[in-house]
Amino acid sequence: MATLIDIRDVSKTYTRGKQKVEVLHHIDLQVAEGDFLALMGPSGSGKTTLLNLIGGLDVPTGGSITVGDKRIDQLGAGALARWRASNVGFIFQFYNLMPMLTAQRNVELPLLLTKLSAAQRKRNAGIALKLVGLEERVTHKPSELSGGQQQRVAIARAIVSDPTLLVCDEPTGDLDRESAEDVLGLLRTLNREHGKTIVMVTHDPKAAEYADHVLHLDKGMLVEQATV
Amino acid sequence: MKYLHLIWAALFRRKTRTILTIVSIVAAFLLFGMLDSVRTAFETGSTSAVGARRLVTSSRYSIIQPLPQALQNRIAAIPGVRKVGYANWFGGIYQDPKNFVFSYAISPEYLDLYPEIELAPAQRKAFDATRTGAVVGRTLAKRYGWKIGDKIPLQSTIFPQKNGDKTWPMDIVGIFDVSKDAANGLDQALFFHWTYFNEANAYGQGTVGWYIDELSDPSQADQVANRIDALSANSPNETKTQTEQAFQASFAKQIGNIGLIVVGIMGAVFFTLVLLAGNTMAQAVRERTSELAVLKTIGFSRGSVLMMVLAEAVLLLVLGGLIGLGIAAALGPLVTKGSGGLVNLPSLGLSTWMTGMALMIVIGLLVGVLPALRGMRLNIVDALAGR
Ligand SMILES: Nc1ncnc2c1ncn2[C@@H]1O[C@H](COP(=O)(O)OP(=O)(O)OP(=O)(O)O)[C@@H](O)[C@H]1O
Ligand SMILES: [Mg+2]
């Protein structure tokens, strides 16, 4: 299968005051289209940093990152924002929904950046919520939903503009086992049936079992493990 | 516009705090609305007299300085002047010092100079024939229950009679109505004879407060005004002839420079408002750091985050400001009516609304700019990690 993400010799250095800390060291990584990749590793090993680079939230200090046919490490802030809007869906540990908005309005957020009419936005948000099994909860606010349900709203928000890539940073880190399995099952469906390429950071070996591949990151370097 | 629900939701994320802030904005703009309409009411009246049907001639130096009555015939002789009357401020009170009565001692021509005063011919006749006669506006008569034939003891806060008594007995001989185009407060006035006032008055014999000059050609008002003032140039009684509005404005200036007072008070109020609303906005944005980071993650540009926060601040100000001005607009006529017209709050003029709107937007931008820049510059990765 074609390569979707091509990371070559990527380093990331953070400067804090006078101190320079290299968090990622010369990473090489290719992710095929349609892959479901889990990133594991000890705390502070650079998982979130790598994920943020893949999702175009940050730019590397050295090396190149190509997603699809785009060199995203060379994009400016504005172009990168537009690229994210149409190519990546983000799922975080703490859901990060807007507390004042209903589930439907939360899911609609990415569509505000498109040319869709209000009615089309509403319709597409409805479809996404149905896909995550929350068609009954469209008018609920985050505070009226369980953690698992909130995370499913966040997944609906991530997929509503139909991106090719989903990046998830510990999506089940704050959920009980049952909700976690719901969410992971949903991610697997999105991967298998809707062709989404998924990169997921997790601490949980059980969660990693849902992925096609698992990579370990240690002190900013990749250590490949046998395919699960 | 499609972001409006987002901005609205952000604004009311902390309901209590936002409502409290709005209440203080309402209070500030209510005050602004009332003060500014008072200011505009006092300050209208252009410096040019062109177009005026009547002019007022008073002392150049101070409107409380009297003029000789002998000036009447000399003004009347000026080409372009059709008729001249005069009046003197009396400073009347009725029974109690707080029952203020707008009362004037007037010359015989005075009522003819004011066609807006509608007095029945029979009552006019009675007035001319009664030395201690007085005619009063209908609103004033209603307030104290005066009827034709009543004898009232009007006191003056300024002028005693020759025997030292400050009470001036008067006979109500007429009650007048006023036409629609009459100046505010005319229907609360009391008029009596200057001759009575002059004969019995302990001071200032033969003097008048001001002259009313009726013109034959309003387009010549400026020239006629200059000719009148030339009469007494370089005399101890130099005059200043101006329109009635300008005269009223200079009357008000006795109290102080209204414009300056309004600017001073509102400057202090709005300064406090900027600090208060600025604090609300700064807090609101700080609390929403991770939400703003999510918007940026999703692909909202730096510019749109900036605009959203600015719009939120402007919306906050416009919401409170419009309510405040709305209350001021409703309150003016209400107070005027409730006080029987004694307190005359003019209704809000277009200029007050426009200035108010401009202030709302400017203060909104001022209050929003720092939080908006902060939101715009927010680093996604740091904000998401809670750094
Ligand atoms: N913006 C930053 N400035 C300075 N140091 C940073 C920054 N972001 C990350 N780091 C450092 O880089 C290292 C890797 O951070 P990262 O968040 O990628 O780790 P992680 O593997 O996701 O850890 P965890 O499992 O705890 O989430 C850490 O030592 C962290 O302190
Ligand atoms: Mg992490």
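Residues numbered from 1 in each chain as written. Chains lettered and ligands numbered in written order. Predicted model: local features only at pLDDT ≥ 70, side-chain atom pairs only at ≥ 80, totals over all residues. Heavy atoms only, no water.

Naming follows an unreviewed UniProt entry, where chain B appears as Membrane protein of Oleiagrimonas soli. Entered under Subcellular location (unreviewed entry) in the UniProt record, the comment concerning chain B runs "Cell membrane". (UniProt positions renumbered as here; feature names shortened; annotations may be inferred.)

Going by an unreviewed UniProt entry, chain A carries the name ABC transporter ATP-binding protein and comes from Oleiagrimonas soli. What the UniProt record of chain A gives under Sequence similarities (unreviewed entry) is the line "Belongs to the ABC transporter superfamily. Macrolide exporter (TC 3.A.1.122) family."

Caption draft 1: Local environment of helix H2 (residues 77–87) of chain A. Considered for burial, the residues of H2 of chain A that qualify are Leu80, Ala81, Trp83, Arg84 and Ala85 of chain A. Buried-residue contacts for H2 of chain A involve helix H1 (47–54), strand S4 (62–67), strand S5 (70–71) and strand S6 (88–91) of chain A together with helix H11 (289–298) and helix H14 (380–384) of chain B. (Buried < 20%, exposed > 50% of the residue type's maximum accessible area, 1.4 Å probe, protein only. Helix = DSSP H or I, 4+ residues; strand = E, 2+ residues; numbered from the N terminus. Contact = heavy atoms within 4.5 Å.)

Caption draft 2: Examining the pairing of strand S1 (residues 3–16) of chain A more closely. Residues and elements named next belong to chain A. Here S1 pairs with strand S2 (residues 19–32) via 10 bridges, running antiparallel. Within the sheet, the bridge partner assigned to Arg16 lies in S2 and is Gln19. The turn linking S1 back onto S2 is made up of two residues, and Gly17 within it adopts a positive phi angle of 65°. Where S1 meets S4, five bridges bridge the pair, whose relative direction is antiparallel. Bridging from a neighbouring strand, Ile5 pairs with Val67 of S4. (Pairing = 2+ DSSP bridges.)

Caption draft 3: Inspection of the interface of chain B and chain A at higher detail. Contact residues are listed per partner, giving 20 residues for chain B and 24 residues for chain A. Between chain B and chain A, the buried area comes to about 2100 Å², and carbon and sulfur atoms account for 71% of it. Applying the counting criterion to the chain B and chain A interface returns zero salt bridges. The set of elements that each furnish at least two residues to the side of chain B that touches chain A consists of helix H1 (4–11), H11 and H14 of chain B. Residues belonging to the side of chain B that touches chain A are distributed by class as follows: 11 nonpolar, three polar and six charged. (Buried area = accessible area lost by both parts, 1.4 Å probe. Salt bridge = Lys/Arg side-chain N within 4 Å of Asp/Glu carboxyl O. Nonpolar A, V, L, I, M, F, W, Y, C, P; charged D, E, K, R; others polar.)

Caption draft 4: Structural detail: the site of ligand 1. Around ligand 1, the surrounding shell holds 15 residues, and the nearest of these are Ser43, Gly44, Lys47, Thr48 and Thr49 of chain A. Bordering ligand 1 are residues originating from chains A and B. Arg16 of chain A is positioned such that a nitrogen or oxygen atom in its side chain is 3.4 Å from a nitrogen atom of ligand 1. A distance of 2.9 Å is found between an oxygen atom of ligand 1 and a backbone nitrogen or oxygen belonging to Gly44 of chain A. (Near = heavy atom within 4 Å. Polar contact = N/O pair within 3.5 Å; in protein donor to acceptor, adjacent residues only side chain to side chain.)

Caption draft 5: Molecular detail of the sheet that holds S2 of chain A. All names here are of chain A. The sheet built from four strands is open, its strands ordered S2-S1-S4-S5 with antiparallel pairing. The open sheet has two edge strands with one neighbour each: S2 and S5. Relative to the sheet, H1 contacts S1, S2 and S4, its axis offset from that of S1 by approximately 125°. (Axes fitted to C-alpha atoms, helices over the stretch in contact; angles between N-to-C directions.)

Caption draft 6: Fine view of the domain arrangement of chain B. Examined at the domain level, chain B breaks down into domain 1 (4–44 + 257–384) and domain 2 (61–237). Its C-alpha centre places domain 1 of chain B at a distance of 47 Å from the equivalent point of domain 2 of chain B. (Domains from an automatic or database assignment.)

Caption draft 7: The packing of aromatic side chains, seen in detail. Residue and element names in this part refer to chain B. All chains considered together, the criterion is met by 28 aromatic pairs over all chains. Pairing Phe29 with Phe32 gives two aromatic rings, centres 6.2 Å apart and planes at 70°, and the pair type is edge-to-face. Of this pair, Phe29 and Phe32 both sit in helix H2 (residues 15–43), three residues apart, which is roughly one turn of the helix. Accessibility assignment for this pair places Phe29 and Phe32 in one class, buried. (Phe/Tyr/Trp six-rings, centres within 6.5 Å; stacked < 30°, edge-to-face > 60°.)

Caption draft 8: Geometry of the environment of Leu109 of chain A. Assignment of secondary structure puts Leu109 of chain A in the loop between helix H3 (103–108) and helix H4 (118–131). Taking the C-alpha atoms as reference points, Leu109 of chain A and Asn96 of chain A, 13 residues apart in sequence, are found 12 Å from one another.

Caption draft 9: Region of interest: the environment of Gln120 of chain A. Residues and elements named next belong to chain A. Structurally, Gln120 is set in helix H4. Distance in space between the C-alpha atoms of Gln120 and Glu108 is 9.8 Å, their sequence separation being 12 residues. A polar contact is formed between the side chain of Gln120 and the backbone nitrogen of Ser117, at a distance of 2.9 Å.

Caption draft 10: Region of the structure containing the packing of H4 of chain A against helix H5 (residues 147–159) of chain A. All names here are of chain A. At their nearest, the axes of H4 and H5 sit 9 Å apart, and the two run at 130° to each other. Taken together, H4 and H5 sit at an angle that is classed as oblique. Between H4 and H5 lies a crossing of right-handed hand. Contacts between H4 and H5 pair Ala128, Leu129 and Leu131 from the former with Val153, Ala156 and Ile159 from the latter. A class-by-class count of the residues in the contact of H4 with H5 yields six nonpolar, no polar and no charged. (Parallel < 35°, antiparallel > 145°, perpendicular 65-115°, else oblique. Left-handed = near helix turned anticlockwise from the far one by under 90°.)

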